[in-house]
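Overview (structure and organization)
Residues per chain, in single letters:
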Amino acid sequence: MSILSLANPYVCELVAYRPGKPIEETAREIGMKPADIVKLASNENSLGASPRAVRAMQEAASGVHIYPDGASYALRCKLAETFGLDVAQTAVGNGSSELIELMAHIFVRPGIETIAADYSFTLYAIVTRLLNGTYKSVPNKADWSHDLQGMLAAITPQTRLVFITNPTNPVGTMVGQAEIDAYMAAVPEHVITVFDEAYIDFAEEQPDTLRYVREGRPVVVLRTFSKAYGLAGARVGAALTTPEIAELLHKARSPFNVNLLGQAAALAALDDPEHVARSVAMVNAGRRQYEQAFRAWGIPYIPSQTNFILVQVGQGKAVFDACLRRGVILRPMDAYGLPEYIRITIGTETENKRCLAVLAEVLGKQK
Ligand SMILES: Cc1ncc(COP(=O)(O)O)c(C=O)c1O
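Residues numbered from 1 in each chain as written. Predicted model: local features only at pLDDT ≥ 70, side-chain atom pairs only at ≥ 80, totals over all residues. Heavy atoms only, no water.

The next point concerns the overall build of the protein. For the protein, the helix and strand inventory stands at 15 helices and 13 strands. A globule of 367 residues ought to have a C-alpha radius of gyration of about 21 Å, and the protein, at 21 Å, matches this closely. Residue burial in the protein is summarised as follows: out of 367 residues, 54% are buried. Of all intrachain contacts in the protein linking residues separated by at least 6 positions in sequence, the fraction that spans at least 24 positions is 73%. (Helix = DSSP H or I, 4+ residues; strand = E, 2+ residues; numbered from the N terminus. Rg over C-alpha atoms; globule rule 2.2 N^0.38 Å. Buried < 20%, exposed > 50% of the residue type's maximum accessible area, 1.4 Å probe, protein only. Contact = heavy atoms within 4.5 Å.)

Right, dumping it as structure tokens:
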């Protein structure tokens, strides 16, 4: 008997999330040293973590034989203080990915719908289907930003979750305060809106969605320590929401979902806003490097409010493969329905130069 015949068929049908290609795996495949490979595939922070966060993890390491505080109380208090909320309005997860999955566990079941934009994070579709719900996606506007009015129009009595990725991955565009306010004025009460703000620290203007949390509206603002804070490997994300939803997230999570080192790192990182500012400055400078080159080469790119940039190279997968063979890992976009594009994480000046040199060679452009 096939095990697959015993599993839930909708789980068997899932297409697993495809992360950026790991450095070690690439090194093995192309016979290069890991240190000679540049990974600009997963929107990590090339500046690394805050030195304070690294020290906090080193200090916490001697205590790893003891379970961490399952409630992550100190970290949640710090989040509450940082964002001007009550600790009861916070929950944390093993990355914001876990919080996205928990939202599905809490609200999705057969017959229930979730809504997101065509070009947004692929995990929303996966977690909806994992719970055998119905995932609906709404076309982005001509400027690639979310069409919030279109998303409102897609809501039915069966809709429970609307995911607004702001700025959005993989295109890097944003919706502003006025559009969000108009959406919030019209969204029906039975819908919980998830503002996934993984990249908000990089945005020029940051709409205030926490005002809706303070007003007690059914919204969840997701933040992550993986991007501007440089802690992708520590796996910490935060949900800022109503006490009711925070309580549901606590009920649905596994007992020690944020590990000891992750809690220590995130707590220390919140005390180092200068590191975030340095990361944002690096990204702003790097974005100019890429934009200048793409303009000179005459290849279209989408102006980005994030630490990555989407560029139209023609055969995205072939360009990805060619760059990979030269030791630069980028992200092909076929899984996102954008086969002509590749997504490049903005790294240090040196990494960006190497990436641009390799791209110039692969695309036959002037360095
Ligand atoms: C839009 C968006 N949301 C959430 C995540 C998940 O981040 P993490 O689980 O590392 O917090 C990502 C990761 O790339 C993302 O792009």
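What follows concerns the site of the ligand. Around the ligand, a shell composed of 13 residues is seen, among which Ser 96, Ser 97, Asp 196, Thr 224 and Ser 226 lie nearest. Within the side chain of Asn 169, one N or O atom sits 2.7 Å away from an oxygen atom of the ligand. Within the contact set of the ligand, an oxygen atom lies 2.6 Å away from a side-chain nitrogen or oxygen of Ser 226. With three residues, the top contributor of residues to the shell around the ligand is helix 6 (residues 95-107). Split into classes, the residues belonging to the shell around the ligand amount to three nonpolar, seven polar and three charged. (Near = heavy atom within 4 Å. Polar contact = N/O pair within 3.5 Å; in protein donor to acceptor, adjacent residues only side chain to side chain. Nonpolar A, V, L, I, M, F, W, Y, C, P; charged D, E, K, R; others polar.)

Once that is clear, we can look at the pairing of strand 13 (residues 341-345). Of all the five residues making up strand 13, five are buried; the element is thus mostly covered by neighbouring parts of the structure. The alternating pattern of strand 13 places Tyr 341, Arg 343 and Thr 345 and Ile 342 and Ile 344 on opposite faces, both of which are buried. Strand direction decides the pairing type here: strand 10 (residues 308-312) and strand 13, joined by five bridges, are antiparallel. Looking at strand 13, one finds that Val 311 is bridged to Ile 342. Sheet analysis places strand 12 (residues 331-332) next to strand 13, joined by two bridges and oriented antiparallel. Paired with Arg 331 across the strands is Arg 343, a residue of strand 13. (Pairing = 2+ DSSP bridges.)

Taken as a whole and judged by the stated rule, the model has zero disulfides. Sulfur of Cys 355: no disulfide; nearest cysteine sulfur belongs to Cys 323 and is 6.4 Å away. (Disulfide = S-S within 2.5 Å.)

Time to look at the sheet that holds strand 10. Pairing between sheet strands relies on hydrogen bonds along the backbone, with the strands arranged either parallel or antiparallel. Strand order in this open sheet of four strands is 9-10-13-12, and the pairing throughout is antiparallel. Each having just a single partner strand, strand 9 (301-302) and strand 12 make up the two edges of the open sheet. Relative to strand 10, helix 13 (residues 273-297) is tilted by about 10°, and along the sheet it contacts strand 9, strand 10 and strand 13. Packed on one face of the sheet, helix 14 (residues 316-325) meets strand 12 and strand 13 and runs near 40° to strand 13. (Axes fitted to C-alpha atoms, helices over the stretch in contact; angles between N-to-C directions.)

A word on the side chain of Ser 279. Topologically, Ser 279 is positioned in helix 13. A distance of 2.8 Å separates a polar atom in the side chain of Ser 279 from the backbone oxygen of His 275. Not counting residues up to four positions away in its chain, the partners in contact with Ser 279 are Asn 45, Leu 47, Phe 202 and Ala 228.

It is worth spelling out a nonpolar patch on the surface at this point. A grouping of Met 1, Ile 3 and Leu 6 is seen on the molecular surface, where their side chains present a nonpolar patch of about 430 Å² in accessible area. Tracing the sequence through the fold places Met 1 in the segment before helix 1 (3-6). (Patch = residues over 30% accessible without salt bridge, like charges linked within 9 Å, V, L, I, M, F, W, Y side chains within 5 Å. Areas by Shrake-Rupley, 256 points an atom, 1.4 Å probe, with all protein chains shown as cover. Salt bridge = Lys/Arg side-chain N within 4 Å of Asp/Glu carboxyl O.)

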